[in-house]
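Summary of structural features
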Amino acid sequence: MILPFILSLFFTGCSPDPVADSGSEGPWYTTVPETDFSYLPLGDVAYSLEVDTWQHDSKTVEVDLYRPEVSGSPVAVFLPGAFVTSDRYEWVGHTLASQGVTVAIVQPPEDFSRSYCTTGTLDWLSAQDVDLNRVLLMGHSAGALTQAGLTDVASCTPGLCDEEASTPAGLVGLALLGFHNESGKEGPLAAAEVPWLLVGGSRDGLATEEEVAATFDRLQDRPVTWLNVQGMNHYQFTGHVDPEEDLQLENDLEPTVDSQNARATVATYLVRFAEAVFSEDTTWDPNLASNDDGAVAADWKEAPHSPYNAAGLARVMTEPVAEPGLDGNKNNVGIVATHDYLGSTWMLVRDDVNGGSVWSWDGEAVLEKDAWQNPHLNNLFGAMTDFQGELFVGLSSGFQGASHGSTGAEIWATDGENWRPVMGPSVDADEILTVQSCTLAVDGSAELMLDKSLEGLNLERAFMDTDNHEEDLPLFLDVISGSGNTLAVTLRSNAYAAEEVPCDDVMSAGTFALRLGSDEAGFGLPWNKTIIDMTTHEGRLYVATGLNYVYGPELWMSENGSSFSRVLGGDFWGVGDDNLPLSTSITALLSWEGQLLVGTTGRTGYGARLLSIDSEGEATWLVDNSVDADESGLDEAGFGTGAQQVADLELFNGKLWLTTLNRDGLQLFSTTDPAQGWDTVVGARGVFAPGFGEENQFAARLWVVGDDLWLGSYAYAVMSSDLDDMSAFAWRTRDGDSWQLVSAHAFGFNAPTISAVFEQEGQLYGAAGFGGLANQTSFGPLRLYSLTEVNP
């Protein structure tokens, strides 16, 4: 059932008849196999040719093996086109073997090359004296399609990659002849971040210039060269033609260049490409010295973000390990937090449509919880940590902005089997009140007459909502005061602008729930929309809130995991000229040397801030305008650079590491003592320019995984089309001084965020997120990849 589909990919020509197109007569080809290869750019390395076989299931795979008489040579695996025998590519074997490359030209046992032809041949070669840390994948036509699919098996053409298909760990490049990826898709082509060489012919009627050009355009974030051999057609890539088997020969265009001259040109550039990718020299000449060669038209792209590896760390290959969205759910757009718990990695997943969910991962994804009795939770932000044997999960509701649009943050906890609400409307039963009258006051507040008396109740931080979370957002009312069966309420919970209580809506709703105490949503303050971070510090659980534009963020502490007390409230942050708080979110917490470090956003141009809380509960500003009398330096709010937010904090190699959100480019600072100042790693006068030299890289998260510190950036993508030109980056360091660019396209596809990096049972994983940073925007489902180190 697969065969007709693949045939349509590579053997349906829409070009004119070759004879009519050229006006020439007679066949241009020979049916006699080549025996003289002296026309090729042969090297001086002695080599042998042997034909051997290996078994795949019940099938026999034949390999023409060209072996240089040198030890530890690099390897090229070549897959033929459909219905084309391996001996028609002898010219490739002779060319590269004479240059010191072991060449395995595979004869598939079927009409088409499939992924096992490559992976099985490499396994078979592991017993040979070759260097499998330097592997070049090559192919022609349908064989090239299979090789391209092995660089991202998740997007491999159906039928070409089997369940065991994987990107070769030692892959250093691809050289594909007469190839185009006719998928009908647009946007970046997912592929290994290694150099590509596309060789086409200007007279190719099966992989036309237009089709190859479309593939070239989709290959982004990697060095790629497109050589268009002038006058060459599709079947000239083979040493001879077999009209009985070459069923689409009539759809090819007649060439205007001699076949041997055409192949000699291709061979010359294959040698140059192989020398480049197999060399230890990391410099890359994408032109392949083609400037003065009239036989080819060349186009190329240098990787816009060349791999930076002063760290000397092993190259990282990536491979998808789960369906997009973990289970195919396109609304699972990102991982907002991970935590190691009960031997698995637990993941808090964002879903703006159905509410957030929690998954565990031990090699496969297991859904742990997605029903919270509140469909308005979304996990725009969130946090997880373990405390006293339970995993605590902080959930968000609503989005960034002055409108509340939220039911308030919630906290749940689990022992791995059972879940319990810790903070939110489900924690305890609430008084249900019926409003009998609503009288509007001059200042926009209202007096409500209720059906029962509230005498004896503590109304501090009390609020009311319509207790109907199934459809529209509830109507929230702040309780100012109460006496008997009368309450004074405002609408401050819905927006920070002064608005009148809508008495008509209140009476229409009729019934409200009275939410009392800090165990309610948002710790009793619905403007606490999100839980952005939580951590344990000196045996206590600390939880930070965010997106509180009216009252300012809060920091809460628990000693038993059930009841909480407030450590920092809205009155701590100060206010701007508009009488609103200077900070709206606590964005990062870190326990460090007996202190709890607290990073925040800044508002109204004030900038990011950092403080510490000592064992006595005393708060001291470390980055703020109040630190000293001057108005310059990294200790000023916004780190003196306009940074809007402390994006993350980590401890690595005896230093504190801090990233910022800055629209002029993310920053990374380090220090052994924040009270003594900061060193700039990424930013003005740092090792790297702001945003690693890219202004669209505006924020970053940090993870310590094994021996490495990882940094995942956020790209400023507003529309999906932005991802054609930009993507989040992943960097890592082992010594804290030198850095490696691991991926410039979010491990596979261009994505706005690096969502997570973690290790599970010795295997590294990375996730790319596709949700908007703080608003209800999605560019697609999250993607999870395995990260495997290969040779440098």
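Quick summary incoming for the structure in this document. These numbers come from a predicted model, not from an experiment.

**Describing the nonpolar core**
Residues Leu-176, Phe-179, Trp-196 and Leu-198 are the most contacted members of the largest nonpolar core, which totals 44 residues. Ranked by residues supplied to this core, first place goes to helix H4 (residues 115–125) with five residues. In this structure Leu-176 touches Leu-137, Gly-139, Ala-144, Gln-147, Ala-148, Trp-196, Leu-197, Leu-198 and Val-199, once residues within four positions along its chain are discounted. By size, the runner-up hydrophobic cluster in this structure holds 40 residues, among which are Ala-97, Val-229, Ala-262 and Ala-274.

**What to know about the pattern of salt bridges**
This model, assessed by the stated rule, comprises 18 salt bridges. The closest approach of N and O atoms between Arg-114 and Glu-110, which form a salt bridge, is 3.3 Å. Using a relative accessible area of 17% as the deciding quantity, one classes Arg-114 as buried. Notably, a salt bridge pairs Glu-789 with Arg-734, separated by 3.3 Å at the nearest N-O pair. Taken as a pair, Glu-789 in strand S43 (residues 783–789) and Arg-734 in the loop between strand S39 (730–733) and strand S40 (739–743) lie far apart in primary sequence, 55 residues in all. For Arg-734, a relative accessible area of 36% puts it in the partly exposed group. Within this structure, Asp-708, Arg-732, Arg-734 and Glu-789 form a network of salt bridges that share partners.

**Here we look at the state of the cysteines**
Under the criterion given, the structure shown has two disulfides. One disulfide in the model links Cys-156 with Cys-161; its S-S distance is 2.1 Å. Measuring the twist about the S-S bond at about 80 degrees, one finds the Cys-156-Cys-161 disulfide to be right-handed. Neither Cys-156 nor Cys-161 differs from the other in exposure class; each is buried. Paired by a disulfide, Cys-438 and Cys-503 hold their sulfur atoms 2.0 Å apart. The sign of the S-S torsion, about -65 degrees, decides the handedness of the disulfide formed by Cys-438 and Cys-503: left-handed. Here Cys-503 lies in helix H8 (residues 503–509) and Cys-438 lies in strand S19 (residues 431–440), a separation of 65 residues in the sequence. The same class applies to Cys-438 and to Cys-503, which are both buried.

**A short note on the packing of helix H3 (residues 90–97) against helix H7 (residues 259–278)**
The relative placement of two packed helices comes down to the angle between their axes together with the axis-to-axis distance. At a minimum axis separation of 10 Å, H3 and H7 run at an interaxial angle of 40 degrees. In terms of orientation, H3 lies oblique with respect to H7. In the packing of H3 onto H7, the handedness of the crossing is right-handed. Here H3 contributes Trp-91, Thr-95 and Leu-96 to the contact with H7, which in turn contributes Arg-263, Val-266, Ala-267, Leu-270, Val-271 and Ala-274. Split by residue class, the contact of H3 with H7 holds seven nonpolar, one polar and one charged.

Reading guide: rules and limits
Residues numbered from 1 in each chain as written. Predicted model: local features only at pLDDT ≥ 70, side-chain atom pairs only at ≥ 80, totals over all residues. Heavy atoms only, no water. Core = buried A, V, L, I, M, F, W, Y, C linked by side-chain atoms within 4.5 Å. Buried < 20%, exposed > 50% of the residue type's maximum accessible area, 1.4 Å probe, protein only. Helix = DSSP H or I, 4+ residues; strand = E, 2+ residues; numbered from the N terminus. Contact = heavy atoms within 4.5 Å. Salt bridge = Lys/Arg side-chain N within 4 Å of Asp/Glu carboxyl O. Disulfide = S-S within 2.5 Å. Axes fitted to C-alpha atoms, helices over the stretch in contact; angles between N-to-C directions. Parallel < 35°, antiparallel > 145°, perpendicular 65-115°, else oblique. Left-handed = near helix turned anticlockwise from the far one by under 90°. Nonpolar A, V, L, I, M, F, W, Y, C, P; charged D, E, K, R; others polar.

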